[in-house]
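Tertiary structure, described
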Amino acid sequence: MKEETPPLNKYKWCRLILIITIAVLLIRLWDLQIMKGSEMRKLSEQNRIRIKKVVAPRGVIYDKTGKVMADTRPSFNMYVTPEDIKDFNQTVDGLARLINIDREEIVDKLKAASGFPPSFPVKIKSDISMDEVAKVEANRVYLPGVSIQIEPKRNYPYGKMAAHVLGYVSEINSEELKSKGYKDYSPGDFIGKYGLERNYENYLRGVDGEKRVEVDAIGREVRTLDVKEPIPGNNLYLNIDMEIQTLAEKALESKKGGCIALETKTGAVIALVSRPSFDPNKFSAGITKEDWKEVTTDKTHPLQNRVIQGRYPPGSVFKIVLALKALDVGILNERTNFLCRGSFPFGNRVFKCWKKGGHGNVAIHRGIVESCDVFFYNVGVRLGIDRIHAMADSIGLGKLTGIDLPGEKQGLVPSSEWKKKTFGEPWYEGETVSVSIGQGAVWLTPIELAQLASFVANEGVTFTPQIVNRIVSPEGKAIKVFDPVMNTNVKLKKEVINTVKEGMKGVVNEPSGTAYGSRIQNINMSGKTGTAQVASLEKGKHLGDHAWFIAFAPAEAPSISICVLVEHGGHGSSVSAPIAKIITENIYKTKVEIKEAKNP
Amino acid sequence: MMRIDKRRLYHLDWYLIINGLALFAIGILNLISATSSFYSGSYNYIMKQLIAFLIGIILIFVIIYYDYRVIASHSKWLYLSALLFIVLVLVIGMIAGGAKRWISILGINFQPSEFMKPILVLYLANKLYEKKRDNIPLGLKDISLPIFLTMLPAILIVKQPDLGTAVIIVLTCLAILWFVGLKKSTYTLLISIGALSPFILWEYLMKPYQKMRILSFINIDADPSGFGYHAKQAMIAVGSGKFLGKGYMAGTQHKLQFIPEHHTDFIFTVFGEEWGFVGSIVLFALFISFIYRCLKISQTAHDELGSIIAFGMASIIYLQFTINVLMAIHLAPVVGIPLPFISYGGSSLVTMLVSVGILLNISMRRYMF
């Protein structure tokens, strides 16, 4: 019986096994719960807690009278959190099937955000329709990782109106993300890309809040743990008067061109129109590929702000510059006459006056009123290009006006020095003849010419055009008020200014004036027409002339100045002046009404 | 058949009863947390578990009424009917979660493989107790029948597939054989078979998903979205409990559905997350004390039959407890084994209570002559 094993021995083995078991379990638990406990706790928190951005509403943009020009409305945006995707193809294909978006587009967006942690939700589509929201929500279980957020979206109630002033917001792109100026932005953020939205980005943009939410294993929000409320952006109050803006927009609706109205005493921009226009709402929804293509390939360049970026030959409007200089230096006085027979031979060329039969003997007043070309050929030749340039320069022509919009371009007024520098050739006097009537190498923007009107109206003083009047915090406290900034302050002899002013008054108010058709009954408007010939790039094809009109009113004590340009519109007198008339009439109609209301 | 003696009731093992009740109470509390989200709970699970508990208690009374020797003498018929049900499962079983493990009779769903565990213990004990009494170490011939009787249901259960239960049955059989006593040659044979079995299992018996579980156990990152993911989340749940736990009803890992089967096979993750290291020690202590008490019953049993049966029951509880917890803390591959008294599942709970009934039966008749 040697193989007999006493049963007690077996129980000892059992006890030993129990002890070993409990030891193994406890060591492991000690390791997991005590040694690695904090790390595991962190992992479980990461599992369940998602930090979601609460997008701050952008500041509201108001016009002068408090009408909302840009605000925010709630929209549904769809996100995908890569970490919560279980089966990549299931989620991506499912989404592509449910909502109107390409599979590649989803993959591209996810790829673009690959540098961010996988728990970072990637915006796939902005402003999805209620229909799409319902479809996605109904299929959430089959779309792990997909979530819908309600976020503010930029809204422009006036659509295409004042679009170039307001600009638009759009999703930040990867290059902008890399640049220093946008270092505290993240993918999916909307930034101002154009117009005021861009220029005042730092004011309009609020401080995004944060929401810590608990999600379950398929990424569904279960509850909100805490919220850091976002701080809305600051509001802008503009100098723009939407009533005037709307009238000007309508007047230019089917045309190409631009128009700007300024307060002469402050530089405040009352209206700024550039046509054709675009709808900024399309950008803030996350512009579709087709819309972007349409807007960027459109030959009429709707995204160009013609008022500050379009450079055109100023035509006869430029004669004002010559008149000012010639009177100032004494080449002309009120009685200096030149004979106009309808043409002006110079060198081996003959320069024509617009009036075939000629104007006869013309002095400065008739020269301006009837816009006699021959008169100004004579003046120009006597002044010489450099004195013309000096005058233009002191008015601010050929220089940036400093308006608070991005992308302003400066015009060009040539000088002999400029020609030498640019072409290495001397200036020929014959060129001065063309420049005298605003043709040739003179290229100016409508806003520069509006400044010219202000210069005359204000007798040598101009202010930097300013669109934003003040920046106001969400609580209503003014953060920044823009006081007028003087741009030029040129001392001119009283009689010089008066002569030019009288001439400009005559343009509109004398029967022989080029803009007599646009005279206004109860108020005197002063102005100057311009009809600039356009050299066609294609031979044999004649493009219509650019129609210009600059004006200020009232003639006696000016407070507004206007510049209207209609590309290839024809005559300044018949196309552009009526638009200035509408603006002036309405500005003063409202002013009169206010006065009447105050004194019953 | 003998009538129940009042003196026998006096000898009821109250230690075992209270220990078992404590485990069950913890189980129910834990199940309430495991089956409810942060907003709503389902009393459906709790009701079913309580009904199973009631059925189990009734069965305990039935079981202690009859002498365990009488029950063991009829174990052949119990074994055959359990086997019949296991075959029936494969024929008319209900499919749930990709496996046929349940059978529905009169609207009650149950898992016959669970009942096979104590029945097999009874049957094997009945076949082997004479050898033990006579202190004859088991030779090859002696073990062939017990092994056949074990492997037959085990292979059928693997077919369901329910690897966990099959593993428990086979290991329990081996424990009983060891307890009865083996010849050295038999040891050698069993050990060599044991060494070969992983290969045989891997090559011929295991399904691809079961292989995947083993692979993801060896390398947790091999399958981060499937079994590896679950194993990892289970580990995170237990670990995140830290020293004192996140608090009752406050376990985020299971409430937010990061852990599959958290009310059945992964129930320990719920407990570990909410009660932490301290709670786990208490739970372990209750289990060890329960198993220890089972062994005590085995040791003090009136005869070798009772001794073997009690040891078999102890083995089942020990194996299920150990493997289940090891799996939750990633020291064993994922297999479907319920944690006795704690996991949700009527069949499992009834089986455990039947086992307790048999243990009480043995212990109360220990002074019998």
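Residues numbered from 1 in each chain as written. Chains lettered and ligands numbered in written order. Predicted model: local features only at pLDDT ≥ 70, side-chain atom pairs only at ≥ 80, totals over all residues. Heavy atoms only, no water.

1. Focus on the side chain of Thr432(A)
Residues and elements named next belong to chain A. In this structure, Thr-432 sits in helix α19 (residues 429-436). For Thr-432, a relative accessible area of 2% corresponds to the buried category. Contact partners of Thr-432, with chain neighbours within four places excluded, come to Gly-380, Gly-384, Ile-385, Ile-388 and Trp-427. (Helix = DSSP H or I, 4+ residues; strand = E, 2+ residues; numbered from the N terminus. Buried < 20%, exposed > 50% of the residue type's maximum accessible area, 1.4 Å probe, protein only. Contact = heavy atoms within 4.5 Å.)

2. Re the interface of chain B and chain A
Taken together, the 50 residues of chain B in the interface contact 37 residues of chain A. Summing both sides of the interface, chain B and chain A together bury roughly 3,900 Å²; the carbon and sulfur share of this comes to 70%. It is Lys242(B), Leu256(B) and Phe277(B) that lose the most area in chain B upon contact with chain A, and together they represent 15% of the buried surface on that side. Across the contact surface, chain B and chain A share zero salt bridges. Counting only elements with at least two residues in the side of chain B that touches chain A, the list comes to α8 (163-180), α11 (227-240), α12 (252-255), α13 (267-299) and α14 (304-328) of chain B. Considering every element that reaches the side of chain B that touches chain A, the biggest residue donor is α13(B), with 13 residues. A per-class count over the side of chain B that touches chain A returns 27 nonpolar, 18 polar and five charged. (Buried area = accessible area lost by both parts, 1.4 Å probe. Salt bridge = Lys/Arg side-chain N within 4 Å of Asp/Glu carboxyl O. Nonpolar A, V, L, I, M, F, W, Y, C, P; charged D, E, K, R; others polar.)

3. Things to note about a negative patch on the surface
Residues and elements named next belong to chain A. Taken together, Asp-102, Glu-104, Asp-108 and Glu-290 make up a surface patch of like negative charges. The residue Asp-102 is located in the loop between α3 (88-98) and α4 (103-112) in this model. Look at Asp-102 and you get partly exposed, because its relative accessible area is 44%. (Patch = residues over 30% accessible without salt bridge, like charges linked within 9 Å, V, L, I, M, F, W, Y side chains within 5 Å. Areas by Shrake-Rupley, 256 points an atom, 1.4 Å probe, with all protein chains shown as cover. Lys, Arg positive; Asp, Glu negative; His and termini not counted. Charge placed at Lys NZ, Arg CZ, Asp CG, Glu CD.)

4. A short note on the packing of aromatic side chains
Counted under the stated rule, the structure contains 33 aromatic pairs over all chains. A ring pair is formed by Phe278(A) and Phe283(A), whose centres lie 5.7 Å apart and whose planes are at 85°; its orientation type is edge-to-face. This pair shows no difference in class: Phe278(A) is buried, exactly as Phe283(A) is. One aromatic cluster is present, built from ring pairs that chain together Tyr11(A), Trp178(B), Phe179(B) and Phe311(B). Above the face of the Tyr15(B) ring, Arg293(B) is positioned so that its terminal group lies 4.5 Å from the ring centre. (Phe/Tyr/Trp six-rings, centres within 6.5 Å; stacked < 30°, edge-to-face > 60°. Lys NZ or Arg CZ within 6 Å of the ring centre and 35° of its normal.)

5. Here's the deal with the confidence of the model for chain A
A low pLDDT score tells you not to read the predicted coordinates there in detail. Counting all residues, the mean pLDDT for chain A is 87, and 94% of those residues have values of 70 or more. Considering each helix and strand of chain A separately, the mean pLDDT is smallest for helix α12 (residues 289-297) of chain A, with a value of 76, and largest for strand β2 (residues 61-62) of chain A, with 95. (pLDDT = per-residue confidence, 0-100.)

6. Let's talk about the state of the cysteines
Scanning all chains against the criterion turns up zero disulfides over all chains. Free cysteine: Cys372(A), not disulfide-bonded; nearest cysteine sulfur from Cys340(A) at 3.6 Å. (Disulfide = S-S within 2.5 Å.)

7. Digging into the packing of α13(B) against α14(B)
Residues and elements named next belong to chain B. In the contact formed by α13 and α14, the axes pass within 9 Å of each other and the chain directions differ by 165°. Classified by the angle between their axes, α13 and α14 sit roughly antiparallel to one another. The handedness of the crossing between α13 and α14 is left-handed. Seen from α13, the contacting residues are Phe-268, Thr-269, Phe-284, Phe-287, Ile-288, Phe-290, Ile-291, Cys-294, Leu-295, Ile-297 and Ser-298; seen from α14, they are Ser-307, Ala-310, Phe-311, Ala-314, Ile-317, Tyr-318, Phe-321, Asn-324, Val-325 and Ala-328. Classifying every residue of the contact of α13 with α14 by side-chain character gives 17 nonpolar, four polar and no charged. (Axes fitted to C-alpha atoms, helices over the stretch in contact; angles between N-to-C directions. Parallel < 35°, antiparallel > 145°, perpendicular 65-115°, else oblique. Left-handed = near helix turned anticlockwise from the far one by under 90°.)

8. Considering the sheet that holds strand β3 (residues 108-110) of chain B
Residue and element names in this part refer to chain B. The three strands lie next to each other as β1-β2-β3, forming an open sheet whose pairing is antiparallel. Looking at which strands have only one partner, the edges of the open sheet turn out to be β1 (94-96) and β3. If you compare each strand with its neighbour and ignore which way they point, the axes differ by 40° on average. One ladder, built from three bridges, connects strand β2 (residues 99-105) with β3; its direction is antiparallel. (Pairing = 2+ DSSP bridges.)

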